[in-house]
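Next come the chains, spelled out residue by residue.
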Amino acid sequence: MMKGKVVHLGLFGLGMVGGGIVELLSRKKGKKDHHKFILEKIVVKHLDKERSVPVPSHLLTTDPREILANPEIDTVVEVMGGISPAKEIILEALKRGKNVITANKAVLARAGSEIFKQALDSDCYLGVRASNIATYRLIESLIFSPFQFEKLIGVFNGTCNYILTEMEKRGEDFSPILKKAQEIGYAEQNPSDDIDGYDTAHKLIVLLGLALGYFPPLDSLFMEGIRRISHQDILFAKELGYRIKLLAVARREDNELEARIHPALLPWGRGLAGLDGIENGIELRDEVGVEIGMQAPGAGKYPTATAILEDLVSVAQGRKLIYPQPKRYLTLKRMGQIKTKYYLRFNALDEAGVLAKISGVLGDHNISIKSVLQKGENKKPPGVVPVIMLTHQAKEDDIQSALRKIDNLRVVKGKSLLIRVEQGIL
Ligand code: HSE
């Protein structure tokens, strides 16, 4: 069996994940294996903070140079989070010839190309498994497969999946459930990163970067979060045979790439639609039609620390980073050009001719209706009822201009809601 080398580590960050890494490294000590990891230094923000794991005080410092400028340290693990100075530390470590292992999807999503190029130029290992813990076991197959993916969909954010599941279970709207998620620590006090789709976008960009050698710019992706989903929508979707998830969708057709993040209706009872609570999952189909999927935890101390340790073992084994070589020239499809099916919710006056008016506008825009659901009397505000329509496949540009017209009809009150409908892959 291949004998591993001794790895001298510098760790940036000793929060939940950093503590998990220290704990798992000490659990591994004395176990029969061929690798030895020596933790040389840990950079923290505050030296005197109480720690969840015992750490000798001589290991702690607040000065990044104690790792970056130490020639004994050959591998840097970055789990401090945030964009700056994490990005600068990653790049500096690579420039100094140190291997880097990072969980930082926000940095990779913004600077993936630059970071991978630096790792290549410096001939260093760059471990990114922990940036996508729910899906990293598929990463090598995405990179090595002779066939590119044709479509992938993913539920990559546990916070959103938890909130949507609880809304369904408890029959409550978004705001009270978000509050509860914040109280138990599943959602941040500023929850925007999760619920507005940024975290999902970061993970999708990193996956695409690894699969295609192309990290699409964050602001070029269509991104919509879950704030506008109501408990009513969850119930209507259920009645129509669907469940609502915050979905990452990527589809590749020749040189054109579609990449978007938004809530979506998925057929009930299959694949990702079955994910409950904080679970994450992915389904993908390649260009020859092979379909696979997996479900895995998307966050947490041990899942993240384990992914870091797997990268550390790769370093110890002297493995080379699998670099994402650009496979083809890709252009990003404009959102208005995508085609999918739609769930539409209108707040309409309950009077004669309303459905005809709405469906007339849809018809004028080449949008064909598959089914209609109208819920009975609603006294608040008087005479306004929710009308739900499912469409056949339509073009996003057409749907958007139809909705602008419909929202201006006298018989429609307030802004209509649109949720895209995806078929799922498995
Ligand atoms: N905040 C993320 C989630 C986990 O809720 O899934 C870290 O990416």
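Residues numbered from 1 in each chain as written. Predicted model: local features only at pLDDT ≥ 70, side-chain atom pairs only at ≥ 80, totals over all residues. Heavy atoms only, no water.

> I'd like a description of the pattern of salt bridges, backed by residues and values.
One pass over the structure, following the stated rule, counts 33 salt bridges. Here Lys301 ties to Glu23 by a salt bridge, and the two come within 3.2 Å at their closest N and O atoms. Taken together, the residues Lys301 in helix H11 (residues 301-316) and Glu23 in helix H1 (residues 16-28) connect sequence positions 278 residues apart. For Glu23, a relative accessible area of 18% puts it in the buried group. One continuous salt-bridge network, built from bridges that share partners, spans Arg129, Arg137, Glu140, Glu310, Asp311 and Arg319. (Salt bridge = Lys/Arg side-chain N within 4 Å of Asp/Glu carboxyl O. Helix = DSSP H or I, 4+ residues; strand = E, 2+ residues; numbered from the N terminus. Buried < 20%, exposed > 50% of the residue type's maximum accessible area, 1.4 Å probe, protein only.)

> Lay out the packing of helix H6 (residues 158-170) against helix H7 (residues 174-183) with the relevant residues and their values.
One can describe the packing of H6 onto H7 by two numbers: an axis separation of 9 Å at closest approach and a directional angle of 120 degrees. Of the possible angle classes, the one that applies to H6 and H7 is oblique. Viewed along their axes, H6 and H7 form a crossing whose handedness is right-handed. Between H6, through Tyr162, Ile163, Glu166, Met167 and Arg170, and H7, the contact on the second element is made entirely by Phe174, Ile177, Leu178, Lys180 and Ala181. By residue class, the composition of the contact of H6 with H7 is 7 nonpolar, no polar and 3 charged. (Axes fitted to C-alpha atoms, helices over the stretch in contact; angles between N-to-C directions. Parallel < 35°, antiparallel > 145°, perpendicular 65-115°, else oblique. Left-handed = near helix turned anticlockwise from the far one by under 90°. Contact = heavy atoms within 4.5 Å. Nonpolar A, V, L, I, M, F, W, Y, C, P; charged D, E, K, R; others polar.)

> I'd like a description of the domain arrangement of the protein, backed by residues and values.
Domain parsing of the protein yields domain 1 (6-132), domain 2 (145-295) and domain 3 (337-421). Contacts between the two partners involve 11 residues from domain 1, matched on the other side by 9 residues from domain 2. Summed over both sides, the interface of domain 1 with domain 2 buries roughly 890 Å², with 71% coming from carbon and sulfur. On the domain 1 side of the contact with domain 2, Lys105, Ala109 and Asn132 bury the most area, a combined 53% of that side's loss. (Domains from an automatic or database assignment. Buried area = accessible area lost by both parts, 1.4 Å probe.)

> Kindly report on the pairing of strand E12 (residues 291-297), identifying the contributing residues and their values.
The pairing of strand E11 (residues 279-286) with E12 spans 7 bridges and is classified as antiparallel. Note on E12: the bridge partner recorded for Gly281 is Gln295. The turn joining E11 and E12, which pair antiparallel and follow one another in sequence, is formed by 4 residues; a positive phi near 95 degrees is taken by Gly289. (Pairing = 2+ DSSP bridges.)

> Break down the site of the ligand for me, citing the residues and quoting the values.
Lining the immediate surroundings of the ligand are Lys105, Asn157, Gly158, Thr159, Asp194, Asp199, Lys203 and Ala299. Within the contact set of the ligand, an oxygen atom lies 2.6 Å away from a backbone nitrogen or oxygen of Gly158. Interatomic distance of 2.5 Å between a side-chain N/O atom of Thr159 and an oxygen atom of the ligand. Alone, the ligand offers 260 Å² of accessible surface; in the complex the protein occludes 80% of this. Mapped by element, the contributors of at least two residues to the shell around the ligand are H6 and helix H9 (198-212). Tallied by class, residues from the shell around the ligand come to 1 nonpolar, 3 polar and 4 charged. (Near = heavy atom within 4 Å. Polar contact = N/O pair within 3.5 Å; in protein donor to acceptor, adjacent residues only side chain to side chain. Areas by Shrake-Rupley, 256 points an atom, 1.4 Å probe, with all protein chains shown as cover.)

> Describe the packing of aromatic side chains, naming the residues involved and giving the relevant values.
The final tally for this structure, using the stated rule, is 2 aromatic pairs. Seen in terms of ring centroids, Phe116 and Phe215 are 5.6 Å apart; in terms of plane orientation they differ by 35 degrees. Their pairing is tilted. Here Phe116, found in helix H4 (residues 105-121), pairs with Phe215, found in the loop between H9 and strand E8 (222-223); they are 99 residues apart in sequence, far enough to count as distant. Phe116 gets classed as buried once you look at its relative accessible area, which sits at 5%. Taking the relative accessible area as the measure of exposure, Phe215 reaches 11% and is therefore buried. For the ring pair Tyr162 and Tyr186, a centre distance of 4.8 Å and an interplane angle of 85 degrees mean the geometry is edge-to-face. Residue Tyr162 is found in helix H6, and its partner Tyr186 is found in the loop between H7 and helix H8 (192-195); the two are separated by 24 residues along the sequence. On the accessibility criterion, Tyr162 (8% relative accessible area) is buried. Judged by relative accessible area, Tyr186 falls into the partly exposed class, the value being 37%. For Arg27, the ring lying beneath its charged end belongs to Tyr302, and the centroid distance is 5.4 Å. The ring of Trp268 carries the charged tip of Arg243 above its face, separated from the ring centre by 5.1 Å. (Phe/Tyr/Trp six-rings, centres within 6.5 Å; stacked < 30°, edge-to-face > 60°. Lys NZ or Arg CZ within 6 Å of the ring centre and 35° of its normal.)

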